[in-house]
Amino acid sequence: MSAGRASRTSKTVGTVWGLLVLNTLGSAGAKTIIPLPRSLIQMVTMGALVAAFALALVVNLRLRIQAGACLFLLTLLLVPSVISSADLESGFGALFRCARLALFVGTLWLLSRWWDGGLTFVRHHIRLYFAVLGSVAAGLVVSPGAAMPELYGGRLVGALWPLTPPQIGQYAAVITGLTVLLVLGRRTDKAGAAVVIVPSLVLLALTHTRTATLGLFIGLALAIGSLILTSAAARRFFAWAVLCAAVAAVAFASALQAWFLRGQSKENFSNLTGRAKVWDALLAAPRSTSEKLFGVGLGDKSFGGLPIDNSWLAVYHEQGLIGVTLVSAIIIVLGGVALLRPPSLQRACAIFLISYCAIASYTEAGLGDASPYLLHLALAASLLAAPAAEIPLSTPELPRRHIPRWARRPEVP
(Lines give C-alpha, C1' and ligand atoms only; values in the text may rest on other atoms or scores of the structure.)
Protein backbone atom coordinates (compact mmCIF):
# COMPACT_ATOMS: atom_id res chain seq x y z
CA MET A 1 0.00 0.00 0.00
CA SER A 2 1.34 3.42 -0.95
CA ALA A 3 1.95 6.10 1.67
CA GLY A 4 -0.82 8.33 0.27
CA ARG A 5 -3.36 5.53 0.26
CA ALA A 6 -2.36 4.47 3.77
CA SER A 7 -2.83 8.05 4.99
CA ARG A 8 -6.30 8.26 3.43
CA THR A 9 -7.26 4.92 4.98
CA SER A 10 -6.05 6.08 8.40
CA LYS A 11 -8.15 9.26 8.13
CA THR A 12 -11.18 7.25 7.08
CA VAL A 13 -10.76 4.88 10.03
CA GLY A 14 -10.52 7.89 12.35
CA THR A 15 -13.70 9.29 10.79
CA VAL A 16 -15.49 5.99 11.39
CA TRP A 17 -14.44 6.06 15.05
CA GLY A 18 -15.71 9.64 15.30
CA LEU A 19 -19.08 8.65 13.85
CA LEU A 20 -19.34 5.89 16.45
CA VAL A 21 -18.65 8.46 19.15
CA LEU A 22 -21.39 10.70 17.71
CA ASN A 23 -23.82 7.80 17.66
CA THR A 24 -23.27 7.05 21.35
CA LEU A 25 -23.83 10.63 22.56
CA GLY A 26 -27.52 9.90 22.95
CA SER A 27 -30.59 12.07 22.49
CA ALA A 28 -31.75 12.68 26.07
CA GLY A 29 -30.39 15.40 28.30
CA ALA A 30 -30.82 18.98 29.41
CA LYS A 31 -32.58 21.69 27.43
CA THR A 32 -30.23 23.26 24.91
CA ILE A 33 -29.86 26.93 24.03
CA ILE A 34 -31.38 26.25 20.61
CA PRO A 35 -34.13 23.66 21.11
CA LEU A 36 -33.32 20.51 19.16
CA PRO A 37 -36.19 18.08 18.45
CA ARG A 38 -35.41 14.63 19.75
CA SER A 39 -36.37 13.13 16.40
CA LEU A 40 -33.73 15.28 14.71
CA ILE A 41 -31.06 14.23 17.22
CA GLN A 42 -31.98 10.57 16.76
CA MET A 43 -31.80 11.00 12.99
CA VAL A 44 -28.31 12.48 13.31
CA THR A 45 -27.02 9.80 15.70
CA MET A 46 -28.51 6.90 13.75
CA GLY A 47 -27.35 8.40 10.47
CA ALA A 48 -23.85 8.61 11.94
CA LEU A 49 -23.93 4.88 12.70
CA VAL A 50 -25.12 3.97 9.21
CA ALA A 51 -22.41 6.19 7.72
CA ALA A 52 -19.80 4.61 10.01
CA PHE A 53 -20.74 1.10 8.87
CA ALA A 54 -20.73 2.14 5.20
CA LEU A 55 -17.32 3.84 5.46
CA ALA A 56 -15.85 0.90 7.34
CA LEU A 57 -17.14 -1.42 4.64
CA VAL A 58 -15.64 0.78 1.91
CA VAL A 59 -12.14 0.66 3.42
CA ASN A 60 -12.44 -3.05 4.21
CA LEU A 61 -14.19 -4.45 1.14
CA ARG A 62 -12.33 -7.74 1.42
CA LEU A 63 -13.79 -8.18 4.93
CA ARG A 64 -10.44 -8.77 6.57
CA ILE A 65 -11.09 -8.98 10.30
CA GLN A 66 -9.15 -9.90 13.38
CA ALA A 67 -11.10 -12.35 15.48
CA GLY A 68 -11.18 -11.72 19.20
CA ALA A 69 -13.08 -12.92 22.24
CA CYS A 70 -14.50 -9.47 22.99
CA LEU A 71 -16.15 -9.03 19.58
CA PHE A 72 -17.29 -12.65 19.56
CA LEU A 73 -19.04 -12.18 22.92
CA LEU A 74 -20.57 -8.90 21.78
CA THR A 75 -21.95 -10.71 18.74
CA LEU A 76 -23.41 -13.41 21.00
CA LEU A 77 -25.07 -10.65 23.03
CA LEU A 78 -27.25 -10.00 20.00
CA VAL A 79 -28.90 -13.42 20.48
CA PRO A 80 -30.76 -12.73 23.76
CA SER A 81 -31.41 -9.16 22.56
CA VAL A 82 -33.21 -10.36 19.43
CA ILE A 83 -35.02 -13.23 21.16
CA SER A 84 -36.41 -10.99 23.90
CA SER A 85 -37.27 -8.17 21.50
CA ALA A 86 -39.00 -10.35 18.91
CA ASP A 87 -42.28 -10.60 20.86
CA LEU A 88 -42.52 -6.78 20.79
CA GLU A 89 -43.23 -6.59 24.54
CA SER A 90 -41.09 -3.45 24.57
CA GLY A 91 -42.55 -2.23 21.26
CA PHE A 92 -41.00 -1.82 17.82
CA GLY A 93 -38.31 0.36 19.40
CA ALA A 94 -36.71 -2.82 20.78
CA LEU A 95 -36.15 -4.21 17.28
CA PHE A 96 -34.79 -0.83 16.18
CA ARG A 97 -32.29 -0.92 19.07
CA CYS A 98 -31.32 -4.48 18.09
CA ALA A 99 -30.57 -3.28 14.55
CA ARG A 100 -28.54 -0.42 16.00
CA LEU A 101 -26.54 -2.80 18.20
CA ALA A 102 -25.96 -5.11 15.20
CA LEU A 103 -24.64 -2.21 13.08
CA PHE A 104 -22.47 -1.04 15.97
CA VAL A 105 -20.91 -4.47 16.50
CA GLY A 106 -20.57 -5.00 12.74
CA THR A 107 -18.65 -1.73 12.41
CA LEU A 108 -16.30 -2.80 15.20
CA TRP A 109 -15.70 -6.10 13.37
CA LEU A 110 -14.75 -4.18 10.21
CA LEU A 111 -12.41 -1.90 12.18
CA SER A 112 -10.73 -4.85 13.90
CA ARG A 113 -8.47 -5.19 10.86
CA TRP A 114 -6.53 -2.17 12.21
CA TRP A 115 -6.43 -3.37 15.83
CA ASP A 116 -2.70 -3.99 16.12
CA GLY A 117 -2.02 -3.14 19.76
CA GLY A 118 -0.96 0.40 18.84
CA LEU A 119 -2.06 3.74 20.26
CA THR A 120 -3.74 5.11 17.13
CA PHE A 121 -7.28 4.55 18.39
CA VAL A 122 -6.34 5.99 21.80
CA ARG A 123 -5.39 9.25 20.11
CA HIS A 124 -8.64 9.20 18.10
CA HIS A 125 -10.56 8.61 21.34
CA ILE A 126 -8.93 11.54 23.12
CA ARG A 127 -9.30 13.99 20.24
CA LEU A 128 -12.94 13.16 19.58
CA TYR A 129 -14.14 13.29 23.17
CA PHE A 130 -12.10 16.44 23.73
CA ALA A 131 -14.03 17.98 20.84
CA VAL A 132 -17.28 16.97 22.57
CA LEU A 133 -16.06 18.61 25.78
CA GLY A 134 -15.17 21.67 23.70
CA SER A 135 -18.85 22.00 22.75
CA VAL A 136 -19.76 21.76 26.44
CA ALA A 137 -17.27 24.49 27.33
CA ALA A 138 -18.60 26.67 24.49
CA GLY A 139 -22.14 26.27 25.82
CA LEU A 140 -20.93 27.26 29.29
CA VAL A 141 -19.37 30.45 27.90
CA VAL A 142 -22.36 31.38 25.73
CA SER A 143 -25.05 30.69 28.32
CA PRO A 144 -23.90 29.82 31.87
CA GLY A 145 -27.51 29.61 33.07
CA ALA A 146 -28.45 27.00 30.47
CA ALA A 147 -25.21 25.08 31.03
CA MET A 148 -25.71 24.87 34.82
CA PRO A 149 -29.49 24.77 35.32
CA GLU A 150 -31.26 24.48 38.66
CA LEU A 151 -33.06 21.41 37.34
CA TYR A 152 -29.76 19.52 37.67
CA GLY A 153 -28.78 21.19 40.93
CA GLY A 154 -26.40 23.61 39.25
CA ARG A 155 -24.35 20.79 37.72
CA LEU A 156 -22.78 21.23 34.29
CA VAL A 157 -24.81 19.95 31.32
CA GLY A 158 -24.55 20.26 27.55
CA ALA A 159 -26.13 23.54 26.43
CA LEU A 160 -25.39 23.05 22.71
CA TRP A 161 -25.99 19.29 22.54
CA PRO A 162 -28.15 17.55 25.19
CA LEU A 163 -25.57 15.94 27.47
CA THR A 164 -26.18 15.02 31.11
CA PRO A 165 -23.63 15.62 33.92
CA PRO A 166 -22.70 11.89 34.15
CA GLN A 167 -21.97 11.82 30.42
CA ILE A 168 -19.72 14.89 30.57
CA GLY A 169 -17.99 13.54 33.66
CA GLN A 170 -17.39 10.21 31.95
CA TYR A 171 -15.82 11.78 28.86
CA ALA A 172 -13.66 14.11 30.94
CA ALA A 173 -12.44 11.32 33.23
CA VAL A 174 -11.63 8.90 30.40
CA ILE A 175 -9.58 11.30 28.28
CA THR A 176 -7.82 12.67 31.38
CA GLY A 177 -6.73 9.20 32.42
CA LEU A 178 -5.58 8.21 28.93
CA THR A 179 -3.66 11.48 28.49
CA VAL A 180 -1.89 11.06 31.83
CA LEU A 181 -0.79 7.58 30.77
CA LEU A 182 0.48 8.89 27.43
CA VAL A 183 2.59 11.46 29.31
CA LEU A 184 4.03 8.77 31.57
CA GLY A 185 4.82 6.67 28.51
CA ARG A 186 6.47 9.68 26.84
CA ARG A 187 4.13 9.45 23.87
CA THR A 188 3.10 13.11 24.13
CA ASP A 189 4.61 16.33 25.47
CA LYS A 190 3.54 17.84 28.78
CA ALA A 191 2.35 21.11 27.28
CA GLY A 192 0.00 19.36 24.85
CA ALA A 193 -1.21 17.06 27.62
CA ALA A 194 -1.96 20.03 29.90
CA VAL A 195 -4.21 21.50 27.20
CA VAL A 196 -6.36 18.35 27.49
CA ILE A 197 -6.04 17.53 31.20
CA VAL A 198 -6.64 20.93 32.83
CA PRO A 199 -9.91 21.84 31.04
CA SER A 200 -11.17 18.27 31.39
CA LEU A 201 -10.62 18.29 35.15
CA VAL A 202 -12.36 21.66 35.44
CA LEU A 203 -15.39 20.33 33.55
CA LEU A 204 -15.34 17.15 35.64
CA ALA A 205 -15.41 19.22 38.84
CA LEU A 206 -18.32 21.29 37.52
CA THR A 207 -20.37 18.16 36.82
CA HIS A 208 -20.07 16.96 40.45
CA THR A 209 -20.00 13.40 39.09
CA ARG A 210 -18.81 11.09 41.87
CA THR A 211 -18.73 7.90 39.81
CA ALA A 212 -16.53 9.42 37.11
CA THR A 213 -14.17 10.89 39.71
CA LEU A 214 -13.78 7.61 41.57
CA GLY A 215 -13.38 5.74 38.29
CA LEU A 216 -10.64 8.15 37.21
CA PHE A 217 -8.62 7.86 40.41
CA ILE A 218 -9.05 4.11 40.95
CA GLY A 219 -8.51 3.33 37.27
CA LEU A 220 -5.35 5.46 37.15
CA ALA A 221 -4.06 3.86 40.35
CA LEU A 222 -4.45 0.38 38.86
CA ALA A 223 -3.01 1.40 35.49
CA ILE A 224 0.01 3.20 36.95
CA GLY A 225 0.49 0.32 39.38
CA SER A 226 0.95 -1.97 36.40
CA LEU A 227 3.86 0.26 35.25
CA ILE A 228 5.62 0.79 38.58
CA LEU A 229 8.11 -2.06 38.17
CA THR A 230 9.21 -0.96 34.70
CA SER A 231 8.79 2.84 34.62
CA ALA A 232 10.63 5.34 36.80
CA ALA A 233 8.23 8.07 35.63
CA ALA A 234 5.28 6.00 36.84
CA ARG A 235 6.93 5.52 40.23
CA ARG A 236 7.58 9.26 40.61
CA PHE A 237 4.06 10.18 39.51
CA PHE A 238 2.52 7.63 41.87
CA ALA A 239 4.54 8.92 44.83
CA TRP A 240 3.66 12.56 44.12
CA ALA A 241 0.00 11.67 43.57
CA VAL A 242 -0.22 9.90 46.93
CA LEU A 243 1.50 12.83 48.68
CA CYS A 244 -0.77 15.44 47.05
CA ALA A 245 -3.87 13.37 47.79
CA ALA A 246 -2.91 13.09 51.46
CA VAL A 247 -2.29 16.84 51.76
CA ALA A 248 -5.54 17.69 49.95
CA ALA A 249 -7.52 15.29 52.14
CA VAL A 250 -6.29 17.06 55.27
CA ALA A 251 -6.32 20.66 54.05
CA PHE A 252 -9.57 20.58 52.06
CA ALA A 253 -11.51 17.90 53.89
CA SER A 254 -14.66 19.99 54.42
CA ALA A 255 -14.70 21.32 50.84
CA LEU A 256 -14.20 17.85 49.39
CA GLN A 257 -16.97 16.45 51.57
CA ALA A 258 -19.35 19.21 50.47
CA TRP A 259 -18.50 18.60 46.81
CA PHE A 260 -18.96 14.86 47.23
CA LEU A 261 -22.32 15.12 49.01
CA ARG A 262 -23.68 17.74 46.55
CA GLY A 263 -25.97 19.13 49.25
CA GLN A 264 -27.80 15.82 49.69
CA SER A 265 -29.02 14.42 52.97
CA LYS A 266 -27.40 11.33 54.42
CA GLU A 267 -30.54 9.30 53.66
CA ASN A 268 -30.57 10.41 50.04
CA PHE A 269 -26.87 9.68 49.75
CA SER A 270 -27.21 6.23 51.31
CA ASN A 271 -29.81 5.10 48.76
CA LEU A 272 -27.71 6.52 45.90
CA THR A 273 -30.02 9.41 45.02
CA GLY A 274 -33.05 7.14 44.85
CA ARG A 275 -31.40 4.50 42.68
CA ALA A 276 -31.68 1.79 45.35
CA LYS A 277 -35.50 2.08 45.38
CA VAL A 278 -35.66 1.47 41.62
CA TRP A 279 -33.25 -1.45 41.92
CA ASP A 280 -35.30 -3.09 44.69
CA ALA A 281 -38.51 -2.69 42.70
CA LEU A 282 -36.89 -4.16 39.57
CA LEU A 283 -35.58 -7.21 41.42
CA ALA A 284 -38.92 -7.74 43.20
CA ALA A 285 -40.99 -7.62 40.00
CA PRO A 286 -42.43 -11.02 38.92
CA ARG A 287 -40.81 -12.52 35.81
CA SER A 288 -41.44 -15.56 33.69
CA THR A 289 -38.68 -18.08 33.01
CA SER A 290 -38.20 -16.63 29.52
CA GLU A 291 -37.89 -13.10 30.92
CA LYS A 292 -35.36 -14.27 33.48
CA LEU A 293 -33.23 -15.91 30.80
CA PHE A 294 -33.60 -13.46 27.90
CA GLY A 295 -35.07 -10.30 29.44
CA VAL A 296 -37.92 -8.14 28.14
CA GLY A 297 -36.11 -6.65 25.13
CA LEU A 298 -33.87 -3.67 24.53
CA GLY A 299 -35.39 -0.48 25.91
CA ASP A 300 -34.42 2.92 27.27
CA LYS A 301 -32.75 1.47 30.39
CA SER A 302 -35.66 2.42 32.64
CA PHE A 303 -38.10 0.58 34.93
CA GLY A 304 -41.45 1.98 35.90
CA GLY A 305 -40.60 5.22 34.14
CA LEU A 306 -37.44 5.75 36.22
CA PRO A 307 -33.85 5.24 35.03
CA ILE A 308 -32.21 2.03 36.22
CA ASP A 309 -28.70 3.56 36.39
CA ASN A 310 -26.96 0.21 36.84
CA SER A 311 -25.49 -1.70 33.91
CA TRP A 312 -25.93 -5.12 35.45
CA LEU A 313 -29.56 -4.64 36.43
CA ALA A 314 -30.29 -2.96 33.08
CA VAL A 315 -28.81 -5.94 31.24
CA TYR A 316 -30.73 -8.35 33.48
CA HIS A 317 -33.96 -6.47 32.81
CA GLU A 318 -33.51 -6.24 29.05
CA GLN A 319 -31.32 -9.25 28.12
CA GLY A 320 -31.78 -11.57 31.09
CA LEU A 321 -29.31 -13.80 32.87
CA ILE A 322 -27.76 -14.82 29.56
CA GLY A 323 -26.96 -11.18 28.83
CA VAL A 324 -25.46 -10.70 32.30
CA THR A 325 -23.29 -13.78 31.75
CA LEU A 326 -22.02 -12.51 28.38
CA VAL A 327 -21.27 -9.00 29.66
CA SER A 328 -19.46 -10.49 32.67
CA ALA A 329 -17.45 -12.69 30.32
CA ILE A 330 -16.38 -9.62 28.29
CA ILE A 331 -15.06 -7.87 31.40
CA ILE A 332 -13.38 -11.02 32.73
CA VAL A 333 -11.75 -11.94 29.41
CA LEU A 334 -10.39 -8.44 28.80
CA GLY A 335 -9.17 -8.17 32.38
CA GLY A 336 -7.55 -11.60 32.25
CA VAL A 337 -5.78 -10.87 28.95
CA ALA A 338 -4.54 -7.53 30.33
CA LEU A 339 -3.14 -9.17 33.46
CA LEU A 340 -1.34 -11.83 31.44
CA ARG A 341 0.38 -9.33 29.13
CA PRO A 342 3.84 -8.00 30.02
CA PRO A 343 3.96 -4.41 31.39
CA SER A 344 3.52 -1.80 28.67
CA LEU A 345 1.78 1.49 28.03
CA GLN A 346 -0.89 -0.22 25.93
CA ARG A 347 -1.60 -2.66 28.75
CA ALA A 348 -1.86 0.21 31.26
CA CYS A 349 -4.35 2.07 29.04
CA ALA A 350 -6.42 -1.10 28.68
CA ILE A 351 -6.41 -1.69 32.45
CA PHE A 352 -7.57 1.89 33.01
CA LEU A 353 -10.46 1.54 30.54
CA ILE A 354 -11.57 -1.86 31.84
CA SER A 355 -11.45 -0.81 35.49
CA TYR A 356 -13.23 2.47 34.75
CA CYS A 357 -16.09 0.69 32.97
CA ALA A 358 -16.35 -1.87 35.77
CA ILE A 359 -16.57 0.87 38.43
CA ALA A 360 -19.02 3.03 36.44
CA SER A 361 -21.26 0.03 35.74
CA TYR A 362 -22.55 0.22 39.35
CA THR A 363 -24.32 3.56 38.87
CA GLU A 364 -24.46 3.90 35.05
CA ALA A 365 -26.19 1.80 32.40
CA GLY A 366 -24.83 0.97 28.96
CA LEU A 367 -22.78 -2.23 28.96
CA GLY A 368 -25.48 -4.18 27.13
CA ASP A 369 -26.18 -1.77 24.29
CA ALA A 370 -24.38 0.55 21.86
CA SER A 371 -22.87 3.08 24.26
CA PRO A 372 -19.62 4.88 25.13
CA TYR A 373 -18.86 2.09 27.60
CA LEU A 374 -18.84 -0.54 24.85
CA LEU A 375 -16.67 1.83 22.82
CA HIS A 376 -14.22 2.10 25.76
CA LEU A 377 -14.09 -1.70 26.02
CA ALA A 378 -13.58 -2.01 22.26
CA LEU A 379 -10.66 0.41 22.59
CA ALA A 380 -9.23 -1.78 25.36
CA ALA A 381 -9.59 -4.82 23.08
CA SER A 382 -7.72 -3.00 20.30
CA LEU A 383 -4.87 -2.25 22.72
CA LEU A 384 -4.63 -5.89 23.76
CA ALA A 385 -4.81 -7.26 20.21
CA ALA A 386 -1.70 -8.84 18.77
CA PRO A 387 -0.43 -7.38 15.48
CA ALA A 388 -1.83 -9.27 12.53
CA ALA A 389 0.80 -11.35 10.82
CA GLU A 390 1.39 -10.54 7.19
CA ILE A 391 0.67 -13.56 5.03
CA PRO A 392 3.02 -13.61 2.03
CA LEU A 393 1.49 -14.30 -1.33
CA SER A 394 2.40 -17.80 -2.40
CA THR A 395 3.67 -18.29 -5.92
CA PRO A 396 3.29 -21.63 -7.67
CA GLU A 397 6.54 -23.51 -8.06
CA LEU A 398 7.56 -23.75 -11.73
CA PRO A 399 8.45 -27.21 -13.01
CA ARG A 400 12.10 -27.77 -13.68
CA ARG A 401 13.11 -27.89 -17.33
CA HIS A 402 15.05 -30.90 -18.44
CA ILE A 403 18.46 -29.87 -19.82
CA PRO A 404 20.20 -32.37 -22.11
CA ARG A 405 23.60 -33.58 -20.98
CA TRP A 406 25.37 -32.10 -24.01
CA ALA A 407 23.87 -28.60 -23.22
CA ARG A 408 25.00 -28.51 -19.62
CA ARG A 409 27.95 -26.31 -18.72
CA PRO A 410 30.99 -28.34 -17.80
CA GLU A 411 32.02 -28.19 -14.17
CA VAL A 412 35.14 -26.16 -13.51
CA PRO A 413 37.66 -28.26 -11.60
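The structure contained in this document is the topic of the report that follows.

Rules and cut-offs
Residues numbered from 1 in each chain as written. Predicted model: local features only at pLDDT ≥ 70, side-chain atom pairs only at ≥ 80, totals over all residues. Heavy atoms only, no water. Helix = DSSP H or I, 4+ residues; strand = E, 2+ residues; numbered from the N terminus. Buried < 20%, exposed > 50% of the residue type's maximum accessible area, 1.4 Å probe, protein only. Contact = heavy atoms within 4.5 Å. Areas by Shrake-Rupley, 256 points an atom, 1.4 Å probe, with all protein chains shown as cover. Phe/Tyr/Trp six-rings, centres within 6.5 Å; stacked < 30°, edge-to-face > 60°. Axes fitted to C-alpha atoms, helices over the stretch in contact; angles between N-to-C directions. Left-handed = near helix turned anticlockwise from the far one by under 90°. Nonpolar A, V, L, I, M, F, W, Y, C, P; charged D, E, K, R; others polar. Expected span 1.5 Å × (residues − 1). Parallel < 35°, antiparallel > 145°, perpendicular 65-115°, else oblique. Salt bridge = Lys/Arg side-chain N within 4 Å of Asp/Glu carboxyl O.

**Looking at the overall build of the chain**
Move 1: Helix and strand counts for the chain come out as 17 helices and two strands.
Move 2: The buried share of the chain, reckoned over its 413 residues, is 45%.
Move 3: Look at the contacts in the chain between residues 6 or more apart in sequence, and 76% of them connect residues 24 or more apart.
Move 4: With an accessible surface of roughly 21,100 Å², the chain has 68% of that area assigned to carbon and sulfur atoms.

**Things to note about the packing of aromatic side chains**
Each aromatic ring pair is characterised by the separation of its centres together with the angle its planes make.
Move 1: Applying the stated criterion to the full structure yields four aromatic pairs.
Move 2: Relative to tyrosine 171, the ring of tyrosine 129 has its centre 4.7 Å away and its plane inclined at 25°; by these criteria the two rings are stacked. With tyrosine 129 in helix H5 (residues 120–142) and tyrosine 171 in helix H7 (residues 165–184), this residue pair connects regions lying 42 residues apart in the sequence.
Move 3: Aromatic pair tryptophan 279 and tyrosine 362: ring centres 5.4 Å apart, planes at 70°, arrangement edge-to-face. One end of the pair, tryptophan 279, is in helix H13 (residues 275–284); the other, tyrosine 362, is in the loop between helix H16 (345–360) and helix H17 (372–384), with 83 residues separating them in the sequence.
Move 4: Judged by its relative accessible area of 8%, tryptophan 279 is buried.
Move 5: Since its relative accessible area comes to 49%, tyrosine 362 is described here as partly exposed.

**Concerning the packing of helix H2 (residues 38–59) against helix H4 (residues 92–111)**
For any two helices packed against each other, the geometry comes down to the angle between their axes and how far apart the axes lie.
Move 1: Running from N to C, H2 and H4 cross one another at 35°; their axes reach a closest spacing of 9 Å. In the crossing of H2 with H4, the sense of the turn from one axis to the other is left-handed. Residue-level inspection shows Met46, Leu49, Val50, Ala52, Phe53, Ala56 and Leu57 of H2 in contact with H4, the latter providing Phe96, Arg100, Leu103, Phe104, Gly106, Thr107 and Leu110.
Move 2: In the contact of H2 with H4, the residues fall into eleven nonpolar, two polar and one charged.

**Section: H4**
Because an α-helix packs 3.6 residues into every turn, residues spaced three or four apart end up facing the same way.
Move 1: Over its 20 residues, H4 extends 29 Å from the first C-alpha to the last, a length consistent with the 28 Å expected when each residue adds 1.5 Å.
Move 2: By the burial criterion, the buried members of H4 are Ala94, Cys98, Arg100, Leu101, Phe104, Val105, Gly106, Thr107, Leu108, Trp109, Leu110 and Leu111.

**Observations regarding the packing of H7 against helix H8 (residues 190–207)**
Move 1: Where H7 meets H8, the axes come as close as 8 Å, and the angle between the chain directions of the two elements is 155°. One finds that H7 runs roughly antiparallel with respect to H8. Helix-helix and strand crossings are classified by hand; for H7 and H8 the assignment is left-handed. In this structure, H7 contributes Pro165, Ile168, Gly169, Ala172, Ile175, Thr176, Thr179, Val180 and Val183 to the contact, and H8 contributes Lys190, Ala193, Val196, Ile197, Ser200, Leu201, Leu204 and Thr207.
Move 2: The residue makeup of the contact of H7 with H8, split by class, is eleven nonpolar, five polar and one charged.

**Re the environment of isoleucine 65**
Move 1: In this structure, isoleucine 65 sits in the loop between H2 and helix H3 (69–85).
Move 2: For isoleucine 65 and arginine 113, which are 48 residues apart along the polypeptide, the C-alpha to C-alpha distance reads 4.6 Å.
Move 3: Excluding residues that lie within four positions of it along the chain, isoleucine 65 makes contacts with Trp109 and Ser112.

**A few points about the pattern of salt bridges**
Move 1: Evaluated as defined, the whole model comprises two salt bridges.
Move 2: Of the charged contacts, one joins lysine 301 and glutamate 318 as a salt bridge, the two residues approaching to 3.1 Å between their closest N and O atoms. Here lysine 301 is found in the loop between helix H14 (289–294) and strand S1 (302–303), whereas its partner glutamate 318 is found in helix H15 (residues 311–340), with 17 residues between them in sequence.
Move 3: You can call lysine 301 buried: its relative accessible area is 15%.
Move 4: Classification of glutamate 318 as buried rests on a relative accessible area of 2%.
Move 5: Aspartate 369 is the salt-bridge partner of lysine 301, the closest N and O atoms lying 3.0 Å from each other. Taken together, the residues lysine 301 in the loop between H14 and S1 and aspartate 369 in the loop between H16 and H17 connect sequence positions 68 residues apart.
Move 6: Classification of aspartate 369 by relative accessible area gives buried; the value is 4%.
Move 7: Through salt bridges that share partners, Lys301, Glu318 and Asp369 make up one connected network.

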